[in-house]
Each structure stands twice: as C-alpha cells, then as structure tokens.
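Here is how the chains run, residue by residue.
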Amino acid sequence: MKVLAILYKGGVAAQEEPRLLGTIENKLGLKDFLTSLGHELVVCGNVSSDKEGPNSDFQKHLVDAEVLITTPFHPGYLTRDLIEKAKNLKICITAGVGSDHIDLNAAVDHRIQVLEVSGSNVVSVAEHVVMSILLLVRNFVPAHEMIERGDWQVSDIARSAFDLEGKVVGTIGAGRIGYRVLQRLVPFDTKELLYYDYAPLPPEAAKAVKARRVEDLKEFVSQCDVVTVNCPLHEGTRDLINTDLLKHFKKGAFLVNTARGAICNADAVAAALKSGQLSGYSGDVWNVQPAPKNHVWRTMKNPLGGGNGMVPHYSGTTLDAQARYAAGVKSILTNYMENKPQDPQNIIVGLGKYETKAYGQR
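Caption draft 1: Examining a nonpolar patch on the surface more closely. Residues Ile147, Trp152 and Val154 make up a contiguous nonpolar surface patch of about 390 Å² in total accessible area. Among the structural elements, Val154 can be located in helix H9 (residues 154-158). Given a relative accessible area of 54%, Val154 falls into the exposed group.

Next comes the structure, spelled out in structure tokens:
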C-alpha cells in the first residue's frame with residue numbers, strides 16, 4: 001500500500017525538536033510503523049515545486065497512492081481533477097481538523113473516504129482565540145513594537161486599549177472549538193456571550209456558559225464588540241464576512257478568525273480595518289497557505305497604525321496538538337488497514353456520502 005503524506009519542511013527546528021511531528025523530517029512518527037508492515041510512505045514538502053503543478057511530487061505520487069495524508073497548516077489541495085486522476089485513492093486523512101483543502105463533493109462522487117482527527121487541536125485553537133482577542137482589545141502588538149523601537153509614549157497605546165470585561169463577545173460557530181472559546185471567556189465577566197450557529201446548543205450547554213443564540217447573522221454582528229470565527233469552510237461560509245456584512249458590525253469592533261482564511265474576504269477586511277470600521281483583525285489562517293509575501297493581511301493597519309494580530313497558521317499545531325493528531329492519524333490508518341470501524345466523529349465523508357453536517361447542510 002502506498003501512503004502519500006504532504007507535510008511541511010521543518011528544517012533545523014525539526015531536527016532539534018523531534019516532537020515537531022507534522023514535518024517531513026519527523027513524518028508524523030509513521031515511517032517505522034508503516035515500513036514494518038510492508039507499506040510505502042512517500043513524504044512531500046510544502047514548497048510549490050513539491051505540491052503544485054503537473055510535475056510536482058504531489059501529483060506524481062498521487063496517481064497510484066491509496067492513502068493521502070495532509071495537514072491543514074500546509075495543505076496539498078486535492079481538486080476534482082486530481083481526484084479523477086488518482087485511480088487508486090481510497091482514503092484521505094487530515095492530520096488535524098479541517099478538510100476544506102479537499103473537494104469533498106468529488107470525494108463523495110468517487111467514494112473516497114475523508115477523515116480527520118476530530119478534537120485533536122480544539123483546546124489549542126480555543127486558547128489561541130482567547131489570546132488573539134486579548135492581543136487586540138489590549139492593543140498589545142503596537143505596545144510591544146513601541147518598546148522594540150526604544151520609545152515610551154503610554155497615551156499612544158492606552159487610547160486604543162480596553163478591558164474585555166463588560167464587552168459583548170460572539171462566536172460564529174459553537175461546535176467543538178467555538179464552545180470551548182465560550183467556556184474560556186466566562187471568567188472574564190463579559191457583558192454577554194452570543195453565538196450564531198445553524199443548530200442551537202443543548203439547553204444545559206448554553207446555560208453553562210450563559211450564551212444566547214442569535215439566528216440572524218447581521219443582527220448577531222451588530223451586537224458584538226468582538227466577533228470570533230469558529231466554523232468550517234464550505235460553500236455556505238466562503239466569503240461569509242464580506243463588505244456588506246462588515247457594514248453591520250459595530251463601528252470599531254474586533255474580529256478574530258482562526259477557522260479558515262477564506263471565510264473572510266481579504267480585501268474587505270483590509271478596507272474595514274483601514275477605515276476604522278474594524279479596530280482590529282487577528283488570526284492565523286489565510287486564504288492561501290503559505291501566504292504570499294505581498295498578502296494584504298501582512299501589513300494592513302487601522303487608522304492609528306495598529307490592529308493587526310496576524311501570525312502563521314500554527315494555533316492548532318502546538319507540540320501537544322501534534323502528539324494528538326499524529327496518534328489519531330495512526331489510529332485511523334490502523335482501522336483502515338485492519339478493516340475496523342472508524343470513530344464516527346472523525347468521518348467527514350464515508351463511502352459515497354457525507355457523514356457530517358459540519359461542512360454545510362447536506
């Protein structure tokens with residue numbers, strides 16, 4: 001059996017830190033496991049020459065691979081055209097959470113299973129969300145940059161710094177990550193916690209975090225001082241946050257997106273930040289990954305020269321998360337090879353059908 005893995009080049013860091021399992025150097029800890037069973041593991045890197053174009057290593061090896069493993073951090077994009085060329089492909093495994101880099105409808109049509117390691121990094125991402133909210137609300141990045149420059153003008157920072165206490169914070173999506181964000185915000189004594197989701201939380205879960213559901217998205221954002229995006233990317237959420245919706249945000253609201261970059265329209269967000277409609281935008285997900293050097297989100301600022309909390313996509317790939325998703329990939333592979341049932345929560349696409357509503361109402 002040929003297993004193709006699209007991972008990222010860790011370089012010196014991966015050589016010095018073996019717990020960086022999601023790298024081509026450390027191969028999710030799968031090499032010895034698979035070779036001992038007589039299987040072939042082919043690992044490709046995340047650079048364009050490795051994973052893009054008809055002459056890329058990705059496309060060359062995909063033709064006869066039975067298993068494809070990718071991470072959402074440096075994904076190999078599996079389009080319908082590529083799926084149709086991959087005659088031997090039976091299962092795609094996401095080392096982490098989020099399988100939007102795969103054409104899921106094509107996977108359904110070709111009876112290719114798609115699984116991810118659900119829950120492997122939900123705590124990691126939820127913690128990153130709370131950190132990102134605080135970075136924006138407290139105006140931390142410009143404050144740190146001031147110190148690096150050797151300056152000290154407290155009023156320039158304090159004029160845009162606020163407490164989280166007493167603010168209205170809302171999450172778009174209240175699933176495994178969104179709900180954990182709400183849980184972690186409870187001790188901050190916010191004015192109110194809101195959520196927007198296609199399905200209501202169970203009453204006891206909503207009561208535990210004192211969260212109120214708002215069913216209309218425009219009404220939802222109009223009430224929030226801080227909005228955090230915690231939903232999957234699919235046809236219904238691509239460009240969900242666009243120029244029109246941003247007009248309904250509170251003037252000067254903060255927006256955090258650790259879900260998928262393409263949920264927010266890049267130019268619309270940059271324009272809203274520049275105008276002051278948004279006071280800040282933070283996240284680690286980009287509409288193209290790795291993000292090009294001239295991506296507008298790298299350098300966008302609010303009218304006071306702050307409000308940008310963007311970082312590379314790493315919220316869900318802490319060392320703790322990597323240990324969990326590497327173990328999860330091994331478990332999924334073992335079940336597949338031994339023809340055992342998979343954990344239902346990990347299955348996105350089964351044989352010829354969706355097994356979840358997380359990627360839109362199907």
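Continuing now.
Caption draft 2: Structural view of the nonpolar core. Counting 35 residues, the largest nonpolar core has Phe220, Val229, Ile241, Phe249, Leu255 and Trp297 as the members making the most contacts within it. Those elements that provide at least two residues to this core are strand S6 (168-172), helix H12 (217-223), strand S9 (226-229), helix H13 (243-246), strand S10 (253-257), helix H14 (266-275) and strand S11 (278-283). The dominant element in this core, judged by the number of residues it contributes, is H14, at six residues. Beyond its immediate chain neighbours, meaning those up to four positions away, Ile241 contacts Ile172, Val229, Leu246, Phe249, Leu255, Ile263, Cys264 and Asn265. One finds Val130, Ile177, Val226 and Val256 within the second-largest nonpolar core, a separate group that totals 26 residues.

Caption draft 3: Quick peek at the pairing of strand S5 (residues 113-116). Both faces of S5 are covered, namely the face carrying Gln113 and Leu115 and the face carrying Val114 and Glu116. Of the strand pairs in this sheet, strand S4 (residues 91-94) and S5 are connected by four bridges, and their pairing is parallel. The partner of Cys92 across the bridge, within S5, is Val114. Pairing between S5 and strand S13 (residues 347-349): two bridges, direction antiparallel. Opposite Val114, over in S13, you have Val349 as the bridge partner.

Caption draft 4: How the structure looks around the sheet that holds strand S8 (residues 211-213). Pairing within the open sheet is parallel, and its seven strands lie in the order S8-S7-S6-S9-S10-S11-S12. Each edge of the sheet is formed by a strand with only one pairing partner; in this case those strands are S8 and strand S12 (308-310). Between one strand and the next, the sheet's axes are offset by a mean angle of 20°, whatever the strand orientation. The pairing of S6 with S9 spans four bridges and is classified as parallel. If you follow Val169 over to S9, its bridge partner there is Val226. Packed onto the sheet, helix H7 (residues 122-137) meets S6, S9, S10, S11 and S12 and runs at close to 150° relative to S10. Across the sheet, helix H10 (residues 176-185) is in contact with S6, strand S7 (192-196), S8 and S9; its angle to S7 comes to roughly 175°.

Caption draft 5: Highlighting the pattern of salt bridges. Summed over all chains, the structure comprises ten salt bridges. One salt bridge connects Glu192 with Arg212, and the closest N-O pair in it is separated by 2.6 Å. Here the residue Glu192 occupies a position in strand S7, and Arg212 occupies one in strand S8, the gap between them amounting to 20 residues. In this structure, Lys218 engages Asp244 in a salt bridge whose closest nitrogen and oxygen atoms are separated by 3.2 Å. Here Lys218, found in helix H12, pairs with Asp244, found in helix H13; they are 26 residues apart in sequence, far enough to count as distant. Look at Asp244 and you get partly exposed, because its relative accessible area is 39%.

Caption draft 6: Molecular detail of the packing of H7 against H10. Orientation of H7 relative to H10, taken along the N-to-C sense of each, is 50°, at an axis distance of 9 Å. Considering the angle they form, H7 stands oblique to H10. At the point where H7 passes H10, the crossing takes the right-handed sense. Every residue of H10 that contacts H7 at Val122, Val123, Val125, Ala126, Glu127, Val129, Val130 and Ile133 is listed here: Arg176, Ile177, Arg180, Val181, Arg184 and Leu185.

Caption draft 7: Representation of the side chain of Gln223 within the structure. Tracing the chain through its elements places Gln223 in helix H12. There is a polar contact of 2.6 Å between the side chain of Gln223 and the side chain of Arg212. Sequence-distant contacts of Gln223, defined by excluding residues within four places in its chain, comprise Val168, Leu194, Arg212, Val214 and Lys250.

Caption draft 8: Layout of the sheet that holds S5. Strand order in the open sheet formed by six strands is S2-S1-S3-S4-S5-S13, and the pairing between neighbours is mixed. The sheet is open, and its two borders are formed by strand S2 (40-44) and S13, each paired with just one other strand. Neighbouring strand axes in the sheet, compared pairwise and without regard to direction, differ in orientation by 20° on average. Along the sheet, helix H16 (residues 319-337) makes contact with strand S3 (67-70), S4 and S5, crossing S4 at roughly 165°.

The rules behind each value
Residue indices follow the written sequence of each chain, beginning from 1 at its first position. Restriction of local features to residues with pLDDT of at least 70 applies here, the model being predicted, together with a cutoff of 80 or more for giving and counting side-chain atom pairs; totals for whole chains, interfaces and linings are based on all residues. With hydrogens and water stripped out, all remaining heavy atoms of the structure feed into the side-chain values. Surface patches are drawn from residues lacking salt bridges whose relative accessible area is over 30%; two like charges belong together within 9 Å, two nonpolar side chains (Val, Leu, Ile, Met, Phe, Trp, Tyr) within 5 Å. Reported accessibility uses the Shrake-Rupley method at a 1.4 Å probe radius. Residues are deemed covered only where the shown protein chains occlude them. We define a salt bridge as a contact between a side-chain nitrogen of Lys or Arg and a carboxyl oxygen of Asp or Glu at a distance within 4 Å. Only DSSP runs of H or I reaching four residues or more are called helices, and only runs of E reaching two or more are called strands; each is numbered from the N terminus. Relative accessible area decides the class of each residue, using a 1.4 Å probe on protein chains only: under 20% of the type maximum gives buried, over 50% gives exposed, and in between gives partly exposed. Nonpolar cores are built from buried Ala, Val, Leu, Ile, Met, Phe, Trp, Tyr and Cys residues. Side-chain atoms within 4.5 Å join them into one set. Here, residues are in contact when the closest pair of their heavy atoms is within 4.5 Å. Pairing between strands is defined by DSSP: at least two bridges between the two strands are required. In this description, a line fitted to the C-alpha atoms serves as the axis of each element, helices being fitted only across the stretch in contact, and the angle between N-to-C directions of two axes falls anywhere from 0 to 180 degrees. Angle categories are assigned with fixed cut-offs, so that under 35 degrees is roughly parallel, over 145 is roughly antiparallel, 65 to 115 is roughly perpendicular, and the rest are oblique. Crossing handedness: left-handed means the near helix sits turned counterclockwise from the far one by under a right angle, and right-handed means the same turn made clockwise. Any pair of nitrogen or oxygen atoms within 3.5 Å is treated as a polar contact; in protein, a donor-acceptor pairing is required on top of that, and neighbouring residues in sequence qualify only through side-chain atoms on both sides.

So, to be careful, I would describe these as geometric facts and stop short of saying anything about function.
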